[in-house]
Amino acid sequence: LAQILQNLASLQLEKKKVKETSLKEIFPHTYAMPIVTCVTQKNAAPVQRKPLRVGVVFSGGQASGGHNVIAGLFDALTSLCSKSRLFGFLEGPGGILKNETKEITKELLTSYRNQGGFDLIGSGRTKIETKEQLAASIETMKHLSLDGLVIIGGDDSNTNAAILAEYFLAHGLSTKVIGVPKTIDGDLQNEFIDISFGFDTACKVYNEMIGNIAQDALSAKKYYHFIKLMGRSASHIALECALTTHPNITLIGEEIAAKNKTLLSIGEEIADSIQARTAQGKNYGVVLIPEGLIEFIPEMKLLIQELNRLLADIKNISLTQRSEIEKKLSTASVQCFRSLPEKIQTQLLLDRDPHGNVQVSQIETEKLLIDTVQMILKKRNFSGKFHALQHFFGYEGRCSLPSNFDAKYCYALGHVAALLIEGGFTGYMSTLSPLTKPIEEWEPKGIPLTSMIILEERKGIMKPVIKKALVDLSKKPFVSFMKNRKKWEIEDCYVNPGPIQFFGEKEITDIIPISLM
Ligand code: FBP
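Here the structure is a predicted model, which is why all the values come from computation and not from measurement.

**Examining helix α16 (residues 404–422)**
With 19 residues, α16 should cover 27 Å at 1.5 Å per step; its first-to-last C-alpha distance of 27 Å lies within 8% of that length. With 14 of 19 residues buried, α16 is to be regarded as a mostly interior element. Downstream of α16 by a residue or two, G424 has a phi angle that is positive, lying close to 85°.

Structure, rendered in structure tokens:
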């Protein structure tokens with residue numbers, strides 16, 4: 001036994017070494033850089049600063065506060081040197097490849113400050129990865145003589161930022177690349193990033209809508225509302241909304257994966273709750289479903305993994321290709337695929353995004369669950385009432401006016417990005433923490449992007465990616481949810497927090513996400 005353990009230990013060491021070596025090989029110029037902190041120099045002599053030329057790009061899904069990042073970046077750059085200029089790349093990273101920009105001016109920014117959306121310059125999901133794309137990026141940087149490039153994005157986009165920083169250095173380009181943590185999903189968080197921007201606002205918008213629905217359910221007493229909430233992979237949004245609004249049931253994808261629950265067993269549990277509520281004379285309820293749930297159900301996860309590999313290079317799948325793909329699936333996956341309603345099958349076969357992700361927002365998991373529960377209740381000869389309605393709260397949470405928290409956080413993130421470029425740093429993420437403290441106590445830092453990167457399988461190949469933060473089942477937010485959920489399941493403890501407040505008492509206007517608290 002000792003020998004086996006020793007072998008295992010050395011094997012693990014070996015594995016770690018291989019991983020580290022290969023990351024070091026991928027990022028020879030930007031691997032193992034130190035964390036950068038900012039210090040205030042009291043009584044420092046005024047410095048003559050040279051004007052900077054900086055480009056900024058939105059990458060991926062919208063998240064409230066994006067315009068404030070640009071405002072903070074612009075204000076910091078022009079206060080460091082009034083002659084500095086900022087250029088926004090149009091429609092996401094694709095704008096870098098095509099060299100399509102819009103100059104951001106004070107006048108232009110006026111009507112975008114504290115506003116939602118990414119419409120100032122648009123966004124896109126193009127991934128810059130081929131040799132040609134990397135070369136085109138260099139051409140654009142040279143053409144615009146950029147000192148810096150700020151990439152506002154999620155885990156995939158910031159991985160792209162790390163790759164660009166490395167590539168620019170390797171090719172002797174002086175353009176500095178800085179990432180800014182954005183995504184409503186909240187899965188770009190780690191020991192350095194408390195939370196990505198946009199999460200707070202999105203959850204507050206969903207909380208208002210869930211609260212309204214719960215109150216409607218309680219008033220009408222006739223419907224079960226199955227609400228799917230955005231969050232492509234992790235269930236942070238569903239958990240945060242549950243902690244705020246106390247629905248009867250909330251599924252947490254990470255728990256379902258940990259307990260190896262099948263679609264059928266999830267359906268059985270929901271059916272048990274419905275029967276328990278019926279026994280109390282309650283024919284209504286609210287169920288929250290994270291968008292990414294489908295990828296956590298073991299049999300679906302396997303099926304999606306196999307499909308991702310098979311679909312990696314196919315666009316707009318044809319009928320013949322569809323049956324060819326079915327033939328190549330493993331027995332377990334083909335069984336799972338065939339057991340699904342046709343609509344869900346088709347949704348699972350939709351084109352992947354440029355980062356190889358399945359488009360979970362297009363899959364009607366809420367309908368799949370309703371059908372499963374209905375089938376189970378029928379089998380159980382359930383004689384009570386079960387009228388279910390399906391909802392999807394997603395896009396409506398991404399472009400709301402940013403909450404006060406997101407508005408301030410984003411403006412400050414833009415400032416830090418400008419300071420990092422001015423300081424000559426590249427391959428860094430702009431961060432502020434601890435966000436639970438008052439803004440005066442937030443510490444601005446530059447975190448090396450490579451310190452967050454691991455190797456993961458994408459489109460069937462091992463690729464460097466920033467680790468997605470999933471819900472940690474041992475941490476307080478989930479533990480607190482677990483303690484309360486039985487009570488919420490049967491009793492009606494709904495909370496309706498109402499809309500986001502911008503003016504008034506700080507305890508209300510500046511409230512931060514419960515899971516962050
Ligand atoms: P990002 O990770 O790019 O911020 O986007 C998150 C998200 O809003 C997910 O919650 C959702 O699944 C996805 O974008 C939807 O993508 P699209 O806007 O391409 O439909």
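Now that the structure is up, let's keep going.
**Topic: the packing of aromatic side chains**
This structure, assessed with the given rule, holds 10 aromatic pairs. Residues Y409 and W442 carry aromatic rings whose centres are separated by 6.0 Å and whose planes lie at 85° to one another, so their mutual orientation is edge-to-face. In this pair, Y409 is assigned in helix α16 and W442 in the loop between β12 (428–433) and β13 (443–448), connecting sequence segments 33 residues apart. Judged by its relative accessible area of 1%, Y409 is buried. By relative accessible area, W442 is classed as buried at 10%. Through successive ring pairs, a cluster of aromatic residues spans Y224, F226 and F386. Sitting over the ring of F392, K228 keeps its end group 4.3 Å from the ring centre. Directly above the aromatic system of Y284 lies the positively charged group of R277, at a separation of 5.0 Å from the ring centroid.

**Brief notes about helix α5 (residues 131–144)**
Here α5 spans 20 Å end to end across 14 residues, near enough to the 20 Å set by a 1.5 Å rise per residue. Residues of α5 that are buried: Q133, L134, S137, I138, T140, M141 and L144. Relative to the axis of α5, the buried residues are bounded by an arc of 160° and lie together on one face. In α5, the exposed positions angled more than 90 degrees off the buried face are occupied by K131, E132 and H143. In the core, the buried residues of α5 are packed alongside β2 (53–59), β3 (85–89), α3 (93–98), β4 (101–104), β6 (148–153) and α6 (155–170). Directly after α5, the chain includes S145, whose backbone phi takes a positive value near 50°.

**Considerations on the packing of helix α7 (residues 199–220) against helix α8 (residues 236–245)**
Between α7 and α8, the least distance of the axes is 9 Å, while the angle of their chain directions is 50°. By the angle class used here, α7 and α8 are oblique. The hand of the α7/α8 crossing is right-handed. Between α7 and α8, the residues in contact are F199, C203, Y206, N207, I210 and G211 and H236, I237, E240, C241, T244 and T245, respectively. Of the residues belonging to the contact of α7 with α8, the class tally is 6 nonpolar, 5 polar and 1 charged.

**Things to note about the nonpolar core**
Ranked by size, the top nonpolar core spans 103 residues in total, and within it I70, Y206, L229 and Y409 carry the most contacts. The dominant element in this core, judged by the number of residues it contributes, is α16, at 10 residues.

**Description of the pairing of β2**
Most of β2 sits out of view: 6 of its 7 residues are buried. Examined bridge by bridge, β2 and β3 share 4 bridges and lie parallel to one another. Considered in β3, the bridge of G55 is made with F87. Note that the unit made of β2, helix α2 (residues 66–80) and β3 has a crossover that is right-handed. Of the strand pairs in this sheet, β2 and β6 are connected by 5 bridges, and their pairing is parallel. Bridging from a neighbouring strand, F58 pairs with I152 of β6. In terms of strand pairing, β2 meets strand β5 (residues 123–124) through 2 bridges, oriented parallel. By the bridge assignment for β5, F58 is matched with S123.

**Observations regarding the packing of α2 against α16**
Two elements in contact, α2 and α16, have axes separated by 7 Å at closest approach and are oriented at 40°. As judged from the angle between their axes, α2 and α16 are oblique. The way α2 lies across α16 gives a crossing that is right-handed. In this structure, α2 contributes G66, N68, V69, A71, G72, L73, D75, A76, L77 and L80 to the contact, and α16 contributes A407, C410, Y411, G414, H415, A417, A418, L419 and E422. Looking at the contact of α2 with α16, its residues break down into 12 nonpolar, 5 polar and 2 charged.

**A few points about the pattern of salt bridges**
Taken as a whole and assessed by the stated rule, the structure comprises 27 salt bridges. The shortest N-O distance in the salt bridge between K468 and D187 comes to 3.5 Å. In this pair, K468 is assigned in the loop between β15 (461–466) and α17 (476–490) and D187 in the loop between β7 (176–181) and α7, connecting sequence segments 281 residues apart. Per residue, the accessibility class of K468 equals that of D187, and both read buried. Here D472 and K475 are joined by a salt bridge, their closest N and O atoms 3.5 Å apart. By relative accessible area, which is 35% here, D472 ends up partly exposed. Salt bridges sharing partners connect three or more residues here, namely K127, E129 and K463.

**Considering unusual backbone geometry**
For the bond running from S433 to P434, omega is -5°, close enough to zero to count as cis. Position of P434 relative to the elements: it lies in the loop between β12 and β13. We note that A32 has phi near 55°; this positive angle belongs to a residue other than glycine. Even without being a glycine, E91 presents a positive backbone phi close to 55°. Mapped onto the fold, E91 is located in the loop between β3 and α3. Residue classification places E91 among the partly exposed positions, given a relative accessible area of 49%.

**A few points about the sheet that holds strand β11 (residues 388–393)**
The 4 strands are arranged β9-β10-β8-β11 in an open sheet whose pairing can be described as parallel. Sheet topology places β9 (249–250) and β11 at the edges, where each strand pairs with a single neighbour. Where strand β8 (residues 224–229) meets strand β10 (residues 285–290), 6 bridges bridge the pair, whose relative direction is parallel. Considered in β10, the bridge of K228 is made with I289. On the sheet, helix α10 (residues 263–279) packs against β8, β9 and β10 and is oriented at approximately 145° with respect to β8.

Cut-offs used in this document
Residues numbered from 1 in each chain as written. Predicted model: local features only at pLDDT ≥ 70, side-chain atom pairs only at ≥ 80, totals over all residues. Heavy atoms only, no water. Helix = DSSP H or I, 4+ residues; strand = E, 2+ residues; numbered from the N terminus. Expected span 1.5 Å × (residues − 1). Buried < 20%, exposed > 50% of the residue type's maximum accessible area, 1.4 Å probe, protein only. Phe/Tyr/Trp six-rings, centres within 6.5 Å; stacked < 30°, edge-to-face > 60°. Lys NZ or Arg CZ within 6 Å of the ring centre and 35° of its normal. Arc of directions from axis to C-beta. Contact = heavy atoms within 4.5 Å. Axes fitted to C-alpha atoms, helices over the stretch in contact; angles between N-to-C directions. Parallel < 35°, antiparallel > 145°, perpendicular 65-115°, else oblique. Left-handed = near helix turned anticlockwise from the far one by under 90°. Nonpolar A, V, L, I, M, F, W, Y, C, P; charged D, E, K, R; others polar. Core = buried A, V, L, I, M, F, W, Y, C linked by side-chain atoms within 4.5 Å. Pairing = 2+ DSSP bridges. Right-handed = clockwise from strand over helix to strand, strands pointing away. Salt bridge = Lys/Arg side-chain N within 4 Å of Asp/Glu carboxyl O.

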